[in-house]
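Each chain, written out:
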Amino acid sequence: MPTMRLDVSVVIAARDAAATLPAQLRALARQDFAGDWEVLVADNGSRDATAQVVGQAPRRLPALRELRYVDASAQRGAGPARNAAASVARGDVLAFCDADDVVADDWLRTLLAAVHRTDALVGGRLEWQRLNAASTLSARALPQTDGLQHSGPVWWLPSASSSNLAVPADAFRRVGGFDPAARYLEDTDLCWRAQLEGASLHYEHDAVVHMRLRENARGAFAQGRGNASGQRWLQSRYAPVAGQHRLAGGPDECSAAPRHAPASKAARLVRRVRAEAAAIARVRARGDVHALAWNWGFAYGYRLPTGPTPNPITPGGDRDLIDRSA
C-alpha cells in the first residue's frame, strides 16, 4: 500500500531535551494550520526522558495525532539527526525547528504559505526577548530578527538558522541533506549548497520562532566555541568558491577595509592580553560574564576547531554528494 503524502513534516532534532521539549510540543499542538502534517522528533542519543516525553505527548496533546519518535542515535550531531527524520518523512515540505525553542501559533501556516508563494527555501524570524532574561540577551549577538544572515567566506549568499527553516523535500534530497561532517553551522552549509545549485532562499518576517539561549557561562562558552569551529569549517570548505568569486570580479565584503602590514606574533599577543584585561575590568553583571565566556569560547574554537576536515566545494565541478547512508 503506498505511503500517504502529507503537506509538511515538522522535524525536531533533540538530545537530552526532556526539560524543554514539552513547551515546543504544546506550541505545535496550538498551530492553526489546516493541512495534513506530522511531527518527527529525531532523538540523537538522549540519556534523559526525551523518549518518554514524545511517547506521552499524543495522550496529552490530541492535536499531535501524527507525532513520531525517530531513533537518530547512530551518528552524533543535529545534522545527522535531522537527516534520519527526513529519510522517513512523508511531507512535501520539511519544516525544521529545535527542541528548546517555542514556535508561534501561526508559524507553520505562515512558513508553508511562503514556501508555496516563492517556490524557495524559507527562513523565518527569530524572536529573542520572550524566553530570555535581559542579562542573557545583552551577552549575545541576536541574528535573523529582520532578515537573513550573511557570513564569510560566501558573503553574497544568505543563510537561515535551522531553528526556523522550511525546505521543499525534493530540494533537500537533491543536495543530499545536511552534511554529517558539519558539527556546527550545518544549516549555513545547507543553505549555501542549495543556492549554488540554483535554489533561492526567502525571508518570511511573519513566521516566528521564540528562541531560548543558554543562561550560564558554561553554555555561552560552548556556543561561542561551536560558532567559531563552524566558521573555520565553512571557510575551509568554501575557499574555492570565494576564490572564483573574486577572480570573476565579485565584491568582497572586506575589500574596502584598509590594508595594514601584518603584526608580529608578540605584538598580537600583547594586544590580545590587553583586550582581555580590559574586558575583565568591564565585568559588572552576569551578562558581562556571559559575554566574556562567549568571546573566550569563540577564540578557543577558532584557534582549535573540532571536527573532520571538510570536503571542499569546487565551483563548476561535480556536485558534492553527501553519503546518504550516514
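Residues numbered from 1 in each chain as written. Predicted model: local features only at pLDDT ≥ 70, side-chain atom pairs only at ≥ 80, totals over all residues. Heavy atoms only, no water.

K.L.:
Break down the overall build of the protein chain for me, with residues and values.
P.N.:
Within the protein chain, the secondary structure is distributed over eleven helices and eight strands. Burial status across the protein chain gives 47% buried among its 326 residues. Put simply, the protein chain shows about 16300 Å² of open surface, and 53% of that area lies on carbon and sulfur atoms. (Helix = DSSP H or I, 4+ residues; strand = E, 2+ residues; numbered from the N terminus. Buried < 20%, exposed > 50% of the residue type's maximum accessible area, 1.4 Å probe, protein only. Areas by Shrake-Rupley, 256 points an atom, 1.4 Å probe, with all protein chains shown as cover.)

K.L.:
Let's hear about the pairing of strand E6 (residues 121-127): which residues, and what values?
P.N.:
Burial analysis of E6 places six of its seven residues in the buried class, the great majority of the element. Sheet topology note: the E6/strand E8 (residues 201-210) ladder contains seven bridges and is parallel. By the bridge assignment for E8, Arg125 is matched with Val208. (Pairing = 2+ DSSP bridges.)

K.L.:
Can you lay out the pairing of strand E1 (residues 6-14) for me, pointing to particular residues and giving the numbers?
P.N.:
Judged by how many residues are buried, E1 sits mostly within the fold: eight of nine residues are covered. Two strands pair when backbone bridges link them, and E1 and strand E4 (residues 91-98) are joined in this way by seven bridges, in the parallel orientation. Its bridge partner being in E4, Leu6 is matched across the sheet by Gly91. Bridge count between E1 and strand E2 (residues 37-43): seven bridges; the pairing is parallel. In the sheet register, Ala13 faces E2, and the bridge partner there is Ala42. Tracing the backbone out of E1, into helix H1 (residues 21-29) and back to the parallel element E2 gives a crossover that is right-handed. (Right-handed = clockwise from strand over helix to strand, strands pointing away.)

K.L.:
Tell me about the confidence of the model for the protein chain, and name the residues and values.
P.N.:
Summing up the model confidence of the protein chain, the mean pLDDT is 84 and the portion of residues at 70 or higher is 78%. Low pLDDT, under 50, characterises residues 272-277; the stretch is placed with three contacts to residues that sit more than four places away or in other chains. Contacts of residues 317-326 to residues separated by more than four positions or lying in other chains number 23 contacts, the stretch itself having pLDDT below 50. (pLDDT = per-residue confidence, 0-100. Contact = heavy atoms within 4.5 Å.)

K.L.:
I'd love a proper account of the environment of Leu61, names of residues and values included.
P.N.:
With respect to the helices and strands, the residue Leu61 is situated in the loop between helix H2 (50-60) and strand E3 (67-71). Sequence separation of Leu61 and Leu25 is 36 residues, and the distance between their C-alpha atoms is 8.1 Å. For Leu61, the residues in contact, after removing those within four places along its chain, are Leu25, Arg26 and Ala29.

K.L.:
Tell me about the pattern of salt bridges, and please be specific about residues and values.
P.N.:
The full count for this structure, using the stated rule, is 13 salt bridges. Across the pair Asp189 and Arg237 runs a salt bridge whose closest N-O atoms are separated by 3.0 Å. Of this pair, Asp189 sits in helix H7 (residues 186-196) while Arg237 sits in helix H8 (residues 217-237); the two residues are 48 residues apart in sequence, bridging distant segments of the chain. In this structure, a network of salt bridges that share partners links the residues Glu38, Glu66, Arg68 and Arg90. (Salt bridge = Lys/Arg side-chain N within 4 Å of Asp/Glu carboxyl O.)

K.L.:
Which residues make up the sheet that holds E1, and what are the values?
P.N.:
Here we have eight strands laid out as an open sheet, ordered E3-E2-E1-E4-E7-E6-E8-E5, and mixed in their pairing. With partners counted over all chains shown, the strands left at the sheet margins are E3 and strand E5 (102-103), one partner each.

K.L.:
Could you give me a rundown of the environment of Ala171, with the residues and numbers involved?
P.N.:
For Ala171, the position within the fold is in helix H6 (residues 169-174). Among the residues examined, Ala171 registers a relative accessible area of 10% and is labelled buried. With 26 residues separating them along the chain, Ala171 and Glu197 place their C-alpha atoms 9.7 Å apart.

K.L.:
Explain the side chain of Asp43 to me, and be specific about the residues and the numbers.
P.N.:
With respect to the secondary-structure elements, Asp43 resides in strand E2. Setting aside its immediate chain neighbours within four residues, Asp43 contacts Ala14, Thr50, Ala51, Tyr69, Val70, Asp71, Ala72 and Ser73.

K.L.:
Go over the nonpolar core with me, naming the residues and quoting the values.
P.N.:
With 43 residues, the main nonpolar core has Val10, Ile12, Leu25, Leu28, Val39 and Trp107 as its most contacted residues. Broken down by element, this core gets its largest block of residues, six residues, from helix H4 (residues 107-118). Not counting residues within four places of it along the chain, the set of residues in contact with Leu25 comprises Ile12, Val39, Val41, Val53, Ala57, Leu61, Leu64 and Leu67. Counting residues in hydrophobic clusters, the runner-up holds 25 residues, among them Leu40, Ala89, Ala171 and Phe172. (Core = buried A, V, L, I, M, F, W, Y, C linked by side-chain atoms within 4.5 Å.)

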